[in-house]
Amino acid sequence: MVSEFTEDVIKLIQNIPEGKVLSYGLIAKLAGNPRAARQVSWILHSSTEKYKLPWHRVINSEGNIALRSEIDKQYQKDLLKKEGVKFLDEYRIDLKSSIWNIESIDKIKVKKE
DNA sequence: AACCTGACGAAGA
DNA sequence: TTCTTCGCCAGGT
């Protein structure tokens, strides 16, 4: 059994469209807990396989890939580029064009009801 | 129950 | 503007 917050986070991530990204903080905020960004990373870390989450579409607030190892970062970058995401630097995404606009948040909220 | 940890983030130096 | 510090939350040990 998971908390409602966790459920919302998972649904949000599952709904990130191809070619778009969201930041940890933003996800936490949309799920109703603005300060739980770290929790989001934990969820991603522990539930990706279970829920088939598009983990690669989650980056930090600055648009950077948040993984630690070079190999993983490179892999995530490849996945994103394949979806058409534009990179400004080696591992920095162009948030302006790739951030997922929150207009559809309502749709997701409804989905959870 | 106490303490640690993390794919974060905003604020202060 | 770059680097450090400190707060956050829930699961793990």
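The structure under discussion appears in the preceding block.
These numbers come from a predicted model, not from an experiment. (Residues numbered from 1 in each chain as written. Chains lettered and ligands numbered in written order. Predicted model: local features only at pLDDT ≥ 70, side-chain atom pairs only at ≥ 80, totals over all residues. Heavy atoms only, no water.)

## Remarks on the side chain of Ser98
Secondary-structure assignment places Ser98 in helix H5 (residues 95-98). Owing to a relative accessible area of 2%, Ser98 belongs among the buried residues under this scheme. Among residues more than four places away in sequence, those in contact with Ser98 are Gly19, Lys20, Val21, Val85, Lys86 and Ile93. (Helix = DSSP H or I, 4+ residues; strand = E, 2+ residues; numbered from the N terminus. Buried < 20%, exposed > 50% of the residue type's maximum accessible area, 1.4 Å probe, protein only. Contact = heavy atoms within 4.5 Å.)

## Brief notes about unusual backbone geometry
Phi is positive for Lys52, close to 50°, though the residue is something other than glycine. Judged by relative accessible area, which is 70%, Lys52 ranks as exposed.

## A closer look at the protein's contact with DNA strand C
Looking at DNA strand C, the residues that line it are Asn33, Arg35, Ala36, Arg38, Gln39 and Trp42. Near-protein atoms of DNA strand C (within 4 Å) split between backbone and bases, with sugar and phosphate holding 63%. In this structure, a base oxygen belonging to DNA strand C sits 2.9 Å away from a side-chain N or O atom of Arg38. Measuring from a sugar or linking oxygen of DNA strand C, one finds a side-chain N or O atom of Gln39 at 2.7 Å. Residues belonging to the surface near DNA strand C are distributed by class as follows: two nonpolar, two polar and two charged. (Near = heavy atom within 4 Å. Polar contact = N/O pair within 3.5 Å; in protein donor to acceptor, adjacent residues only side chain to side chain. Nonpolar A, V, L, I, M, F, W, Y, C, P; charged D, E, K, R; others polar.)

## Focus: the layout of surface pockets
The computed volume of the largest pocket comes to approximately 420 Å³. Lining the largest pocket are 15 residues, and of these Tyr24, Ser41, Leu44, His45 and Leu67 lie nearest its centre. Where the lining of the largest pocket is concerned, the elements lending two or more residues are helix H3 (37-51) and helix H4 (70-82). At five residues, H3 tops the list of elements feeding residues into the lining of the largest pocket. Residue classes in the lining of the largest pocket are distributed as seven nonpolar, six polar and two charged. (1 Å grid on protein atoms, 1.4 Å probe; cavity = no way out; pocket = protein on both sides within 12 Å on 5 of 7 lines; lining within 4 Å. Points joined across faces, edges and corners; volume = space filled by probe spheres on them.)

## Brief notes about the protein's contact with DNA strand B
Around DNA strand B sit 15 residues, and of these Tyr24, Arg38, Asn60, Ser61 and Ala66 come closest. Near-protein atoms of DNA strand B (within 4 Å) split between backbone and bases, with sugar and phosphate holding 44%. Taking Arg38, its side chain carries an N or O atom lying 2.5 Å from a base nitrogen of DNA strand B. Contact distances for DNA strand B include 2.9 Å between a sugar or linking oxygen and a backbone N or O atom of Ala66. Of all the elements in the fold, those that place two or more residues in the surface near DNA strand B are helix H2 (24-30) and H3. Across the surface near DNA strand B, the residue classes break down as six nonpolar, seven polar and two charged.

## Let's talk about H3
Its maximal kink placed at His45, H3 deviates by approximately 40°. Contact partners of the buried residues in H3: helix H1 (4-14), H2 and strand S2 (58-59). Following H3 by one or two positions, Lys52 has its phi on the positive side, about 50°. (Bend = angle between axes of the 7 residues up to and from the residue.)

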